[in-house]
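# What the coordinates show
Given next are the chains, with one letter for each unit.
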Amino acid sequence: MENVFNKLRNLDAYPKVNEDFYSRTLSGGIITLVSSLAIFFLFFSEFRLYLHTVTETKLLVDTSRGEALRINFDVTFPAIPCTLLNLDAMDISGEQHLDIKHDIIKKRINAHGDVIESRQDGIGAPKIEKPLQRHGGRLEHNETYCGSCFGAEQSDDDCCNSCEEVREAYRQKGWAMTNVDLIDQCKREGFIQRVKDEDGEGCNIHGSLEVNKVAGNFHFAPGKSFHQTNIFLSDLLAFQKDSYNISHRINRLAFGEYFPGVVNPLDGAQWIHETSNGMYQYFIKVVPTIYTDIRGRTVHSNQYSVTQHFKNLEVIYPNSHPGVFFIYDFSPIKVTFKEEHISFLHFITNICAVIGGIFTVAGIIDSFVYHGQRRMKKKMEIGKFR
């Protein structure tokens, strides 16, 4: 057993020196103090880095198919009344959603930006009291009301019981509604009067829109869109206005859920156009993004970049439709962000490197200073003997 202990002693890489042979110097004490302070500060720097998360970024090919995308928006139009402002969406797969009302809130605002009224679009039609029947006359007894579509019926059984249904029937036929004052439903609901009452007002429209994950566009425009010979037009002829000011402010536009660090370049963007009709276009490149936080919670969202362009319709396209258009396309590359801590072993390795490195450098400096002091001392002693 003694032989084993002797062999272990021979493996000692840290042989001990008798304290009688130690020589402690003032310079060595100063170097020791400075190196200890350096170790202290570097240790806490590494410790803070260990406690904080780091984000690892990767680029992958996006192979997802058949997914839906939720677009969240909040846009203010200071010069277009809420009654006239409509939202449409369409994509390259041929799917179209015209005059979207679901999950949409409109707020009437005055010239100073104050909210006059907030309402969910498409809700609040007035109660029908003795309306016209299809073939004239007023309802009596328990007769069922079936309003006329004024020539826009698809079949004899079709009914239009509100001004909105008449406008929708006209849109499906590809007709512009130019005779609103002659339509009983619109007169009863006071549609034209409501448009006149909101003259000079603006509108804030916000909500969400669910679309297919393919290239497409959505746009805000005055008047209801209708399709005629592959061209999208609007029924603005009914309101006989020469121009529409499409000045707007984008308070928020996000493609998907929020995640830490996301920057939406159109948030807070504002464009002011003083006079004639125009078409403002935003060309958006959407980048699918997956964010995973330190707890493992995953958020599937998107980032985007944008360029913009304005067309003066009175000069270039005199018969075109004014509005604000968001044309989006998807990048084939997907970005992943993953939060993670530095591993404990990596932290220990860095601490050992800090301590060992500082002690080594301090030892070299101390040895250099000590030997320099000895040489100076010897020179001084030799000078005295001479």
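Residues numbered from 1 in each chain as written. Predicted model: local features only at pLDDT ≥ 70, side-chain atom pairs only at ≥ 80, totals over all residues. Heavy atoms only, no water.

Defined as follows: UniProt positions are given in the numbering used here, feature names are shortened, and annotations may be inferred rather than shown by experiment.
An unreviewed UniProt entry lists the protein chain under the name Endoplasmic reticulum-Golgi intermediate compartment protein 3, with Theobroma cacao given as the organism. On record in UniProt, under Subcellular location (unreviewed entry), the comment for the protein chain is "Membrane".

## Details of the pairing of strand E5 (residues 104-109)
The condition is simple: Should DSSP find at least two bridges between two strands, the strands are regarded as paired. Helix numbers and strand numbers start at the N terminus; a helix is a DSSP run of H or I with at least 4 residues, a strand a run of E with at least 2.
As judged from the 6 bridges shared by E5 and strand E7 (residues 202-212), these two strands associate in the antiparallel manner. Each bridged residue has a counterpart across the sheet, and for Lys-106 the counterpart in E7 is Ile-205. One ladder, built from 5 bridges, connects E5 with strand E6 (residues 115-120); its direction is antiparallel. Residue pairing in the sheet places Lys-106 in a bridge with Arg-119 of E6. Here E5 folds back onto E6 in antiparallel fashion, the turn holding 5 residues, of which Gly-113 has a positive phi close to 85 degrees.

## What about the packing of aromatic side chains?
Convention followed: Stacked, tilted and edge-to-face are the three classes assigned to paired rings of Phe, Tyr and Trp, where Trp is represented by its six-membered ring and a pair needs centres within 6.5 Å; plane angles under 30 degrees give stacked, over 60 edge-to-face, the rest tilted. Accessibility here uses a 1.4 Å probe with only protein chains present; expressed as a share of the type maximum, an area under 20% marks a residue as buried, one over 50% as exposed, and anything in between as partly exposed.
Under the definition given, this model contains 25 aromatic pairs. On the basis of an interplanar angle of 55 degrees and a centroid distance of 6.4 Å, the ring pair of Phe-43 and Phe-347 is categorised as tilted. Separated by 304 residues along the polypeptide, Phe-43 in helix H2 (residues 26-51) and Phe-347 in helix H6 (residues 344-385) bring together distant segments of the chain. Taking the relative accessible area as the measure of exposure, Phe-43 reaches 31% and is therefore partly exposed. Phe-347 sits in the buried class, given a relative accessible area of 7%.

## As for the UniProt feature "transmembrane region" (unreviewed entry) in the protein chain
This chain's UniProt record puts "transmembrane region" (unreviewed entry) on residues 21-44 and 344-370. Taken end to end, residues 344-370 is 100% helix and 0% strand, and its first and last C-alpha atoms sit 38 Å apart.

## A look at the pattern of salt bridges
The condition is simple: By convention in these notes, a salt bridge is any Lys or Arg side-chain nitrogen within 4 Å of a carboxyl oxygen on Asp or Glu.
What the rule picks out here adds up to 7 salt bridges. Here Glu-210 ties to Arg-70 by a salt bridge, and the two come within 3.1 Å at their closest N and O atoms. One end of the pair, Glu-210, is in strand E7; the other, Arg-70, is in strand E2 (residues 68-77), and 140 residues separate them in sequence. For Arg-70, a relative accessible area of 36% corresponds to the partly exposed category.

## Some words on the state of the cysteines
Just so we agree on the cut-off: For this text, the term disulfide refers to a pair of cysteine sulfurs within 2.5 Å.
The final tally for this structure, using the stated rule, is 2 disulfides. Residue pairing for Cys-82: its cysteine sulfur links by disulfide to Cys-203, the two sulfurs lying 2.1 Å apart. The sign of the 100 degrees torsion about the S-S bond sets the Cys-82-Cys-203 disulfide as right-handed. Here Cys-203 lies in strand E7 and Cys-82 lies in the loop between E2 and strand E3 (85-91), a separation of 121 residues in the sequence. The buried category is assigned to Cys-203, whose relative accessible area is 0%. Through a disulfide, Cys-149 is tied to Cys-160; the S-S separation comes to 1.9 Å. Linking Cys-149 and Cys-160, the disulfide has an S-S dihedral of approximately 95 degrees and is accordingly described as right-handed. Taken as a pair, Cys-149 in the loop between E6 and helix H3 (163-173) and Cys-160 in the loop between E6 and H3 lie far apart in primary sequence, 11 residues in all. For the residue pair Cys-149 and Cys-160, the accessibility class agrees, reading buried in each case.

## A closer look at empty space enclosed by the protein
Just so we agree on the cut-off: Here a cavity means grid points, on a 1 Å grid over the protein atoms only, where a 1.4 Å probe fits yet cannot get out; a pocket means an open set of points with protein on both sides within 12 Å along at least five of seven lines; lining residues are those with an atom within 4 Å of a point. Grid points are joined across faces, edges and corners, and a volume is the space filled by probe spheres set on the points. Polar here means any residue other than Ala, Val, Leu, Ile, Met, Phe, Trp, Tyr, Cys and Pro, which are nonpolar, and Asp, Glu, Lys and Arg, which are charged; Gly is therefore polar.
According to the stated counting rule, one finds 3 cavities of 30 Å³ or more in the structure shown. Taken as a whole, the largest cavity encloses approximately 50 Å³ of empty space. Looking at the largest cavity, the residues that line it are Ala-89, Met-90, Asp-91, Glu-95, His-97, Glu-210, Val-211, Asn-212 and Tyr-328. Looking at the lining of the largest cavity, the elements that each hand over two or more residues are E3 and E7. Looking at the lining of the largest cavity residue by residue, the classes come out as 4 nonpolar, 2 polar and 3 charged.

## With respect to unusual backbone geometry
Positive phi, close to 60 degrees, is recorded for Asp-103, a residue that is not glycine. Secondary-structure assignment places Asp-103 in the loop between strand E4 (96-97) and E5. Classification of Asp-103 as partly exposed rests on a relative accessible area of 35%.

## A few points about the pairing of strand E13 (residues 279-292)
For E13, a buried count of 11 out of 14 residues is recorded, marking the element as mostly surrounded by other parts of the structure. In this structure, E13 lies alongside strand E14 (residues 298-311), joined through 14 bridges in antiparallel fashion. Within E14, the position partnered with Thr-289 by the bridge is Ser-301. Taken together, E13 and the strand that follows it, E14, pair antiparallel across an intervening segment of 5 residues, in which Gly-296 is found at a positive phi of about 90 degrees. One ladder, built from 8 bridges, connects E13 with strand E15 (residues 323-330); its direction is parallel. From the neighbouring strand, Tyr-282 faces E15, where its bridge partner is Phe-326. In terms of strand pairing, E13 meets strand E16 (residues 333-340) through 4 bridges, oriented parallel. Counterpart to Thr-289 in the pairing with E16 is Val-335.

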